[in-house]
Amino acid sequence: MRRSGVRRGSRLVLGMATLVGVGLVAAPAGAAGHGDPGMFGRHRFVHGGPAPVPGTIQVVATGLDQPKKLTLDPAGDVIVALSGDGAAPASCTDGAEPSCLDESGAIDRVTPQGRVTPLLGGLPSVSSGGPGPEATGPVEAREVAGTLQVLFQDTDVDPTTGAETYGPAGSDLGELRSFGWHDSGGVEANFGLFEGVANPDHGAGTAVTLGAEAAIDSDPYSFVPYRGGYAVADAAANDLLFVSPSGHISVLAVFPTISEVAPPGTLGPTQTTPVPVEAQPVPDAVAVGPDGALYVGELGGEPFDPGTSSVYRVVPGQSPTVVATGFTAIGDLAFDPSGHLYVLEIDTAGIADPALSGGGLPTHGALIQVGPHGTQSIVASTGLEFPTGLVIASEGTAYVSNYGVLSATGGPGGLSGELVRVGLPR
């Protein structure tokens with residue numbers, strides 16, 4: 001179910017249709033296009049220079065189609081997953097129709113100097129329908145042993161089987177796939193089908209209890225190599241999964257719901273007073289810590305109360321434990337070379353940010369360093385607009401995917417998805 005571009009319940013909410021739904025402005029002359037100085041294809045880049053001063057932000061590349069998660073290749077270049085252009089035809093009204101699917105998803109490589117090289121194109125992408133170019137599709141990619149491992153979101157699944165609903169052209173959705181440089185790749189794991197059989201969280205949460213969301217749902221959103229296989233955070237299933245080298249899926253952790261308070265009207269027109277609810281955790285980020293444990297960040301589900309998201313530490317065979325809390329709408333997390341944890345907040349006012357109601361930009365996000373006892377220090381905030389991905393290079397510089405729900409030419413004032421570099425404390 002969609003409401004103002006937001007999918008309710010445990011499904012990851014990143015594309016906000018209202019962000020660009022009013023008063024779209026064409027890009028100014030010279031802002032995008034082939035042949036423009038400083039351009040590589042349709043991407044603008046800036047030349048590399050000294051590492052940014054701690055807390056400052058440098059734009060590395062623009063003109064990206066809804067950039068999501070970031071990883072580093074062996075050479076230190078950034079691999080960016082692009083969800084797609086969100087160009088929905090008129091027949092795509094709510095994102096569930098087959099016509100909402102196109103092949104605008106892609107994977108790009110960006111050097112520290114800002115040179116953009118396409119690695120994979122023609123990948124499935126689903127537009128949301130309605131106002132605003134929102135898309136889901138490729139969400140993270142990693143170069144592993146000469147292949148490109150790509151994780152795809154699952155935009156809409158059958159509430160009984162967990163299968164994707166877009167037909168053969170959408171067969172990659174909800175999967176982790178391996179793409180060789182000279183072949184079409186093969187299926188590694190299908191998370192929707194696993195959810196349909198196992199349903200590890202058993203449909204926990206108020207949204208399921210009230211019938212606003214199906215008990216079976218899947219939306220894989222982050223993965224990391226782990227113990228010879230991969231750990232995968234499934235945002236809509238509310239769990240952390242392990243994919244073995246043979247493609248077998250098993251459960252590493254199931255995350256508890258979050259106690260929040262739903263404002264009047266959240267649960268329908270008859271709700272006239274605030275109501276306590278159990279929101280979905282929506283785990284959307286996973287990283288391996290310096291201690292070898294897995295660390296998972298949660299976005300949090302509707303009503304998206306600020307300050308209710310946490311970071312969990314996961315050790316196989318043990319219950320997940322909270323190591324830091326009080327965050328708002330976690331989008332990603334990473335460790336620097338010294339073992340410090342950094343948490344990326346998408347919107348410091350929360351996903352239900354009132355600033356979005358007028359069709360403008362959201363409240364800024366934040367990059368936060370977490371101390372050894374859970375203390376939090378904001379490294380950068382102003383200038384981070386709906387940041388959706390984070391990776392930290394060996395020299396201690398952070399790369400962030402900025403304007404993560406804006407297409408290459410779809411944003412207000414000519415804005416587009418960006419890759420930016422953030423100076424970290426030294």
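Student: Sorry if this is basic, but what is going on with the overall build of the chain here?
Tutor: If you tally the helices and strands in the chain, you get two helices and 31 strands. A fraction of 54% describes how many contacts in the chain between residues 6 or more apart in sequence connect residues 24 or more apart.

Student: Teacher, can you tell me more about the pairing of strand E6 (residues 67-72) here?
Tutor: Residues in a regular strand point their side chains to alternate faces of the sheet. Judged by how many residues are buried, E6 sits mostly within the fold: five of six residues are covered. Of the strand pairs in this sheet, E6 and strand E7 (residues 78-82) are connected by four bridges, and their pairing is antiparallel. When the bridges of E7 are listed, Leu72 appears paired with Val78. The hairpin formed by E6 and E7 contains five residues between the paired strands, and Gly76 there has a positive phi angle of roughly 90 degrees.

Student: Help me out: how do you make sense of unusual backbone geometry in this one?
Tutor: Peptide bonds are trans in most cases, and residues, glycine excluded, mostly fall at negative phi. Residue Pro303 is reached from Glu302 by a cis peptide bond, and omega for that bond is 20 degrees. Looking at the secondary structure, you find Pro303 in the loop between strand E22 (294-298) and strand E23 (309-314). The residue Val282 is not glycine, and still its phi comes out positive at about 55 degrees. Inspection of the secondary structure assignment puts Val282 in the loop between strand E20 (275-279) and strand E21 (283-288).

Student: Would you take a moment to explain the environment of Asp217 for this structure?
Tutor: By secondary structure assignment, the location of Asp217 is in the loop between helix H2 (206-209) and strand E15 (220-226). When the C-alpha atoms of Asp217 and Ala163 are compared, they prove to be 9.5 Å apart, with 54 residues separating the residues in sequence.

Student: What should I look at first to understand the pairing of strand E9 (residues 116-127) in this one?
Tutor: Alignment of strand E8 (residues 101-110) against E9, held across seven bridges, turns out to be antiparallel. Residue pairing for E9: Asp102 is matched across the bridge by Ser125. Linking E8 to E9, which pair antiparallel, is a turn of five residues; within it Gly114 sits at a positive phi near 95 degrees. In terms of strand pairing, E9 meets strand E10 (residues 135-136) through two bridges, oriented antiparallel.

Student: What exactly am I supposed to notice about the sheet that holds E8 here?
Tutor: As a general point, the strands of a sheet are linked pairwise by backbone hydrogen bonds and lie either parallel or antiparallel. If you trace the five strands from one edge of the open sheet to the other, you get E6-E7-E8-E9-E10, paired in antiparallel fashion. Each edge of the sheet is formed by a strand with only one pairing partner; in this case those strands are E6 and E10.

Student: Mind showing me how you'd approach the pattern of salt bridges here?
Tutor: Should their charged atoms come close, side chains of opposite charge can pair. Scanning all chains against the criterion turns up seven salt bridges. With a shortest N-O distance of 3.3 Å, Asp332 and Lys69 are connected by a salt bridge. With Asp332 in strand E25 (residues 330-335) and Lys69 in strand E6, this residue pair connects regions lying 263 residues apart in the sequence. Accessibility expressed as a relative area gives 1% for Lys69, which makes it buried. Two residues, Glu143 and Arg109, come together in a salt bridge whose shortest N-O distance is 3.3 Å. Remark: Arg109 occurs in strand E8 and Glu143 occurs in strand E11 (residues 138-144); sequence separation between them is 34 residues. Under the relative-accessibility criterion, Glu143 is labelled partly exposed at 25%. What makes Arg109 buried here is its relative accessible area of 18%. Salt bridges sharing common partners tie together Asp73, Arg109 and Glu143.

Rules and cut-offs
Residues numbered from 1 in each chain as written. Predicted model: local features only at pLDDT ≥ 70, side-chain atom pairs only at ≥ 80, totals over all residues. Heavy atoms only, no water. Helix = DSSP H or I, 4+ residues; strand = E, 2+ residues; numbered from the N terminus. Contact = heavy atoms within 4.5 Å. Buried < 20%, exposed > 50% of the residue type's maximum accessible area, 1.4 Å probe, protein only. Pairing = 2+ DSSP bridges. Salt bridge = Lys/Arg side-chain N within 4 Å of Asp/Glu carboxyl O.

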